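# Residue-level structural notes
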Amino acid sequence: MSRFQIHDDLTAPEGSVPVLRGALSTGGQLPNFVGALAGSPAALRGYARFRSELRHGHLSPATLERIALAVAEERGSAPGIAMHSRAARAAGLGLDEVALAREFDSNDPREAALLRYLRALVVDGRPPMHLHEEARELDWNDEEILEAIATVALESLAAMVNVAGEVPVDGSIEQSRTLRAA
């Protein structure tokens, strides 16, 4: 049972309803995390805007999912791990890469360098200069590194809400929150 109410368009505060409808139009069903975050229209709008901007960045979907998996694992977010495991597979990552991403690693040397850098940021709070230089040597530019850091922040928010709210894994409750026609 979630500590936060998991909203749909019938229970959400008025300010959250347009964002929920927009999320539904692209995904078919609302993740439990989004339903929980809808309890705060400002938090939901901020999350949606941040995610939207990052989707227009330069990181590939596979890279974004590797980062999301690593953060979800580090933060202990079961809903994040489940959702991003599916999304990573859809982005073309094999089961071995999904497992490695959960440990901030990859068989791809370029991806592994970025993930090591991000792991130091998430776990230690400050990546050492040699990890920054390693990422740069493997052709990660400032724009991509900054987008990766922003993705860590976004996924950390999702993981913290999931963990603090004990938000259930999507599909673990019977009733779907598919928005009904108004």
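The following paragraphs examine the structure supplied in this document.

Quick notes on the rules
- Residues numbered from 1 in each chain as written.
- Predicted model: local features only at pLDDT ≥ 70, side-chain atom pairs only at ≥ 80, totals over all residues.
- Heavy atoms only, no water.
- Helix = DSSP H or I, 4+ residues; strand = E, 2+ residues; numbered from the N terminus.
- Expected span 1.5 Å × (residues − 1).
- Polar contact = N/O pair within 3.5 Å; in protein donor to acceptor, adjacent residues only side chain to side chain.
- Buried < 20%, exposed > 50% of the residue type's maximum accessible area, 1.4 Å probe, protein only.
- Contact = heavy atoms within 4.5 Å.

### Digging into the environment of P18
Along the chain, P18 turns up in helix α1 (residues 17-27). In this structure, the C-alpha to C-alpha distance between P18 and A70, residues 52 residues apart in sequence, is 31 Å.

### Topic: helix α9 (residues 142-164)
Relative to the 33 Å expected for 23 residues at 1.5 Å per residue, α9 spans 32 Å between its end C-alpha atoms, a close match to the ideal helical length. Its side-chain oxygen at 3.0 Å from the backbone nitrogen of E143, N141 defines the N-terminal cap of α9. Looking one or two residues past α9, E166 carries a phi angle of roughly 50 degrees, positive in sign.

### Focus: the environment of R89
Assignment of secondary structure puts R89 in helix α5 (residues 78-90). Judged by its relative accessible area of 43%, R89 falls in the partly exposed class. Put simply, R89 and A62 are 27 residues apart on the chain and 8.7 Å apart in space, counted from C-alpha to C-alpha. Non-local contacts of R89, meaning those with residues more than four positions away in its chain, are made with G94, L95 and V98. At 2.9 Å, the side chain of R89 and the backbone oxygen of L93 are in polar contact.

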